Amino acid sequence: MSGWLVTGTDTGVGKTLTSAAICTCLVAAGHEPTYVKPVQSGSADGDDDAADVRALAGVPTVTGVTLGPALAPAVAARLAGEQLTGTDLLAAVTPDLHRPLVVEGAGGLLVELGTDGTTIVELAHALELPVVVVARPGLGTLNHTALTLEAAANHRLAVAGVIICGATDAPDLAEQTNVAELQRLSEGRLLGIIPHLDDVTPEALSAAPAWLGPLFGGSWSLA
């Protein structure tokens, strides 16, 4: 199985936008990716990450379990009186071995996705996919990213690298210095920088090959 499992240093950090950018970049490089969201919470508020990625990147998408409240999936499932296991989550991932997968988690690395305690860690191991960590650009991101990378290492996960999402046009000193610091913390595995977008549209996403590095078929480099 080829592809990546996209996680983040927190909720709302830009995992869905990053997933769409990765898919767009892969398509531009001649690949045919499939996006998978094993569990979607927040559907009662209209949250539908797969629909967003499909609209932005124009790729096939799969959603597994859907939950109403905008909560950690395991919490939402418990409130609904439902059992949600790792087996349920894996059932959503039905890969075509000729298509790379972009699998998006929920929340951060250790958020419980299943009521049986399944997290991104177990999904990554079961799928044998390397993890992409999405990080914020500003103050506080160094600690959050270091904690995520340390947890990944402790759980023996393969980490492809880190992508910064939401870089501003006028970065302050923290954001300016964080690029080099995140490159250092990730041991040289900074994979790209996605700018803040006022309008998230397919036209805006067409620039993704300039934001992401060669791992995804893009041209971005730290230099």
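About the cut-offs
Residues numbered from 1 in each chain as written. Predicted model: local features only at pLDDT ≥ 70, side-chain atom pairs only at ≥ 80, totals over all residues. Heavy atoms only, no water. Helix = DSSP H or I, 4+ residues; strand = E, 2+ residues; numbered from the N terminus. Buried < 20%, exposed > 50% of the residue type's maximum accessible area, 1.4 Å probe, protein only. Contact = heavy atoms within 4.5 Å. Axes fitted to C-alpha atoms, helices over the stretch in contact; angles between N-to-C directions. Left-handed = near helix turned anticlockwise from the far one by under 90°. Nonpolar A, V, L, I, M, F, W, Y, C, P; charged D, E, K, R; others polar. Pairing = 2+ DSSP bridges. 1 Å grid on protein atoms, 1.4 Å probe; cavity = no way out; pocket = protein on both sides within 12 Å on 5 of 7 lines; lining within 4 Å. Points joined across faces, edges and corners; volume = space filled by probe spheres on them. Core = buried A, V, L, I, M, F, W, Y, C linked by side-chain atoms within 4.5 Å. Expected span 1.5 Å × (residues − 1). Arc of directions from axis to C-beta.

A. Representation of the environment of L71. Within the secondary structure, L71 is located in the loop between β3 (61-66) and α3 (73-79). Residue L71 is classed as partly exposed on the basis of its relative accessible area, which comes to 35%. Each C-alpha atom, one on L71 and one on G107, is 9.2 Å from the other, the two residues being 36 residues apart in sequence. L71 has contacts with S41, A76 and L79, leaving out every residue within four places of it along the chain.

B. Region of interest: the packing of helix α1 (residues 15-28) against helix α2 (residues 49-57). Viewed as axis vectors pointing N to C, α1 and α2 meet at an angle of 35°, and their least axial separation amounts to 9 Å. The crossing of α1 and α2 is right-handed. Of the residues in α2, those touching α1 at T16, A20, C23 and T24 are D49, D52, V53, L56 and A57. A class-by-class count of the residues in the contact of α1 with α2 yields five nonpolar, two polar and two charged.

C. Up close: the sheet that holds strand β4 (residues 101-104). One open sheet accounts for seven strands, arranged β3-β2-β4-β1-β5-β6-β7; its pairing is parallel. Taken across any chain shown, the strands that pair with only one partner, and hence form the sheet edges, are β3 and β7 (190-195). For this sheet the average axis-to-axis angle between neighbouring strands, irrespective of direction, equals 20°. Here strand β2 (residues 34-40) runs beside β3; their pairing, made up of five bridges, is parallel. Counterpart to Y35 in the pairing with β3 is T61. Helix α7 (residues 173-185) rests against β6 (159-167) and β7 of the sheet, and its axis sits at about 155° to β7.

D. Summary view of unusual backbone geometry. The phi dihedral of E128 falls on the positive side, at around 55°, and the residue is not glycine. You can see E128 is positioned in the loop between α5 (120-127) and β5 (131-135). The class for E128 is exposed, based on a relative accessible area of 67%.

E. Structural detail: the layout of surface pockets. Roughly 480 Å³ of volume is contained in the largest pocket. Lining the largest pocket are 31 residues, with T11, G12, K15, A106 and G107 sitting closest to its centre. Class assignment of the residues belonging to the lining of the largest pocket gives a composition of twelve nonpolar, 13 polar and six charged.

F. How the structure looks around the nonpolar core. Counting residues in each nonpolar core, the largest one holds 35 residues, and the members touching the most others are L5, V103, L109, L113 and L157. For this core, the element with the most residues is α5, which contributes five residues. Every residue in contact with L157, bar those within four places of it in the chain, is listed here: L109, V121, A124, H125, V131 and A152. A20, L56, L197 and L205 belong to the second-largest nonpolar core, a separate cluster that totals 30 residues.

G. Fine view of helix α6 (residues 141-154). Taking 1.5 Å per residue as the helical rise, α6 with its 14 residues ought to reach 20 Å, and the 20 Å between its terminal C-alpha atoms agrees with that figure. Taken residue by residue, α6 has T141, T145, T148, L149, A151 and A152 as its buried positions. Along the long axis of α6, the arc covered by the buried residues comes to 160°, so they all point the same way. Pointing more than 90 degrees away from the buried face of α6 are the exposed residues A153 and N154. In this structure, the buried residues of α6 make contact with β1 (3-8), β5, β6 and α7. Backbone geometry just after α6 places R156 at a positive phi near 60°.

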